[in-house]
Amino acid sequence: MADHTRDPCPYVILNDFGGAFAMGAIGGTIWHGIKGSRNSPRGERLPGALAAIKARAPVLGGNFGVWGGLFGTFDCTVKAIRQKEDPYNAIIAGFFTGGSLAIRSGPKTALGSGIMCGILLGVFEGVGVLMQRMMAEGNKQQAPLIPEQLTAQAPAGGPALAGPSAFST
C-alpha cells in the first residue's frame, strides 16, 4: 500500500530535485572520472580524470536535478487534479516531463519524447507493482494447523502425521 504520511508537495518537489541532483552528480563523477582517465595520456590520468569530473559532473547533476524537479512538480499537480494516488500519476507526470524538456525541438519531438518518457515510467511503475506483489506473497497470513486437520490429511494407508502419540511428551 502507499504511504499516506507523505510530506506536502513543496517538500516532495525539493526532495525529488535534490535526490536527482545528487544521483546525477555521483553518477557523473564516476562516469566522467573513468572517461577522463581513459582519454588522458599515461602519467596524466589522475589530473585528467579530476579535470573531467570538475567540468562535467555538476552539469550532469544539474540535468538530473531539473528532470527530478519537473517530474515532482508534474506528479504533485496530477495528484491534485485527479485526487488519487496511483501509478497512473507517475506515468502522466513522466509524459509531461519528457514533453516539456523536449519542447524547444518542436511539437512532434516533444510528443515523441513525452510518449517515450511515459512508457519508461510505466515500465518502472509496473515493475514496482510486481515487486510489491511478490514481496506480499511471502507475508500472507496463514491459519495455524490444528492437530485434527493433520490427522484428516494423512495419506491413505500411510502413517498418520498427527495422533495422540505425536503430540505427547
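This structure is a prediction, so every number in the text was calculated from the model and none was measured.

Rules used throughout
- Residues numbered from 1 in each chain as written.
- Predicted model: local features only at pLDDT ≥ 70, side-chain atom pairs only at ≥ 80, totals over all residues.
- Heavy atoms only, no water.
- Core = buried A, V, L, I, M, F, W, Y, C linked by side-chain atoms within 4.5 Å.
- Buried < 20%, exposed > 50% of the residue type's maximum accessible area, 1.4 Å probe, protein only.
- Helix = DSSP H or I, 4+ residues; strand = E, 2+ residues; numbered from the N terminus.
- Contact = heavy atoms within 4.5 Å.
- Phe/Tyr/Trp six-rings, centres within 6.5 Å; stacked < 30°, edge-to-face > 60°.
- Axes fitted to C-alpha atoms, helices over the stretch in contact; angles between N-to-C directions.
- Parallel < 35°, antiparallel > 145°, perpendicular 65-115°, else oblique.
- Left-handed = near helix turned anticlockwise from the far one by under 90°.
- Nonpolar A, V, L, I, M, F, W, Y, C, P; charged D, E, K, R; others polar.

Draft legend 1. Looking closely at the nonpolar core. In terms of nonpolar packing, the biggest core is built from five residues, these being Phe71, Ala90, Ala93, Cys117 and Leu121. The set of elements that each furnish at least two residues to this core consists of α3 (87-101) and α4 (107-138). Leucine 121 has contacts with Trp67, Phe71, Ala90, Ile91 and Gly94, leaving out every residue within four places of it along the chain.

Draft legend 2. Structural context of the packing of aromatic side chains. On inspection of all chains with the given rule, the structure shows three aromatic pairs. A centroid spacing of 5.5 Å and a plane angle of 70 degrees characterise the contact between phenylalanine 95 and phenylalanine 96, whose relative ring orientation is edge-to-face. When its relative accessible area of 30% is taken as the criterion, phenylalanine 95 is described as partly exposed. Put simply, the rings of Phe74, Phe95 and Phe96 touch in pairs and so form one group of aromatic residues.

Draft legend 3. Structural detail: the packing of helix α2 (residues 45-82) against α3. Across the interface, α2 lies against α3 with an axial gap of 8 Å and an inter-helix angle of 130 degrees. Considering their axes alone, α2 and α3 lie oblique with respect to each other. Considering the relative orientation of α2 and α3, their crossing is right-handed. Between α2 and α3, the residues in contact are Val66, Trp67, Leu70, Phe71, Phe74, Asp75, Val78, Lys79 and Arg82 and Tyr88, Asn89, Ala90, Ile92, Ala93, Gly94, Phe96, Thr97, Ser100 and Leu101, respectively. Looking at the contact of α2 with α3 residue by residue, the class counts come to 12 nonpolar, four polar and three charged.

Draft legend 4. The arrangement of unusual backbone geometry in detail. For glutamine 83, which is not glycine, the phi dihedral falls at a positive 55 degrees. Turning to its location among the elements, glutamine 83 is positioned in the loop between α2 and α3.

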